[in-house]
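# Overview (structure and organization)
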Amino acid sequence: MSNPFDEKSAGLTISNLEVLPGKRVKTHLGVVQGSTVRAKHAGKDILAGLKNIVGGELKGYTELLQEARDEATERMVQQAKSVGANAILNVRYTTTSITMGAAEILAYGTAVILE
Amino acid sequence: MGWLDFLDWIIFLTLLAVGYFAGRAAEARHYASIRKREQELAKVLAFATKYPPAAHLPQHTRLVAGSVVVGSDYFKQFVAGLRTLLGGRMKSYETLLDRARREAVLRMKEEARRHGYRLIVNVKVESTNITGGNRGGLPAVEAFAYGTALKPPAADGSQRAV
């Protein structure tokens, strides 16, 4: 999987700004989004349970959510490419805990063609 | 029967003691690391403003993000449980959230610096409660910080640095 945050490997600019400095929007293509629902590995959950006695960072979960966010971004980028955009502006992320042990990550933004 | 009750208490008190001492040590270590890295990264500026300075100049942009999941310790959980009976400030969880947010912002800044950026605008910080386990326990919180990193194009020397 190419890094969706990287302009060169993704082939498209993403930003959470509404207006990119020095660039003008030629066409608005509407909202694009990408989401993923991830569950935790039972083994990781047990480890996290033990870690919860002493406290501190739960690295397994950090990585899990990061991977999920990368995937949601990647899907959003794919959707934007399919409508012919060269940038996604005003990108937002939301995280929702669906049930215990599963989380949804949603990435959305406005697909545009920059001049 | 009486002996088993006793064992329960021993386990509970041991967990409480382990949570208290290990948790305090971990928190002190984390805060020391946060303070140190905050100083190191003071030159990477992060703003919550929507508009970058010199908004008319074309710049390189990159979405940068940082996240962390921090779990509470057994002692904090216990104290928080008592707190819900009385109400008021939950100091043990305040520090937990504070640590998570500052760590997320630091990681975002680290990512920006790794790619050669010194300015991040439109920074958003969000946090989510990640509850795991079957008993509905294990309070852990995720903090996620993201923003747009900016830098002037290197080729053009005439533009002033941000």
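Residues numbered from 1 in each chain as written. Chains lettered and ligands numbered in written order. Predicted model: local features only at pLDDT ≥ 70, side-chain atom pairs only at ≥ 80, totals over all residues. Heavy atoms only, no water.

## Here we look at the nonpolar core
Of all hydrophobic cores here, the largest spans 29 residues; its most connected members are Ile 14, Ala 80, Ile 88, Val 91 and Tyr 93 of chain A. Elements represented by at least two residues in this core include exactly helix H3 (59–82), strand E4 (87–99) and strand E5 (102–114) of chain A together with strand E2 (60–71) and strand E4 (139–151) of chain B. Beyond its immediate stretch of four places on either side in the chain, Ala 80 of chain A contacts Leu 12, Val 32, Ala 85, Ile 88 and Ala 111 of chain A. Membership of the second largest hydrophobic core comes to 22 residues, among which are Val 64, Val 68, Ala 112 and Ala 143 of chain B. (Core = buried A, V, L, I, M, F, W, Y, C linked by side-chain atoms within 4.5 Å. Buried < 20%, exposed > 50% of the residue type's maximum accessible area, 1.4 Å probe, protein only. Helix = DSSP H or I, 4+ residues; strand = E, 2+ residues; numbered from the N terminus. Contact = heavy atoms within 4.5 Å.)

## A few points about the packing of aromatic side chains
The final tally for this structure, using the stated rule, is eight aromatic pairs over all chains. Taking 5.1 Å as the distance between ring centres and 85° as the angle between the ring planes, the aromatic pair formed by Tyr 93 of chain A and Tyr 146 of chain B counts as edge-to-face. Of the two residues, Tyr 93 of chain A sits in strand E4 while Tyr 146 of chain B sits in strand E4, which places them in two different chains. Across the pair, exposure class does not vary: Tyr 93 of chain A and Tyr 146 of chain B are buried alike. Relative to Phe 21 of chain B, the ring of Tyr 20 of chain B lies with its centre 5.1 Å away and its plane at 75°, an arrangement referred to as edge-to-face. For Tyr 20 of chain B, a relative accessible area of 29% corresponds to the partly exposed category. (Phe/Tyr/Trp six-rings, centres within 6.5 Å; stacked < 30°, edge-to-face > 60°.)

## Considerations on the packing of helix H1 (residues 2–40) of chain B against helix H2 (residues 74–86) of chain B
Residues and elements named next belong to chain B. Relative to each other, H1 and H2 sit at 110°, their axes nearing to 6 Å. For the element pair H1 / H2, the angle class is roughly perpendicular. Seen from H1, the contacting residues are Phe 12, Leu 15, Leu 16, Gly 19, Tyr 20 and Glu 27; seen from H2, they are Tyr 74, Phe 75, Lys 76 and Phe 78. Residues that form the contact of H1 with H2 fall into these classes: seven nonpolar, one polar and two charged. (Axes fitted to C-alpha atoms, helices over the stretch in contact; angles between N-to-C directions. Parallel < 35°, antiparallel > 145°, perpendicular 65-115°, else oblique. Nonpolar A, V, L, I, M, F, W, Y, C, P; charged D, E, K, R; others polar.)

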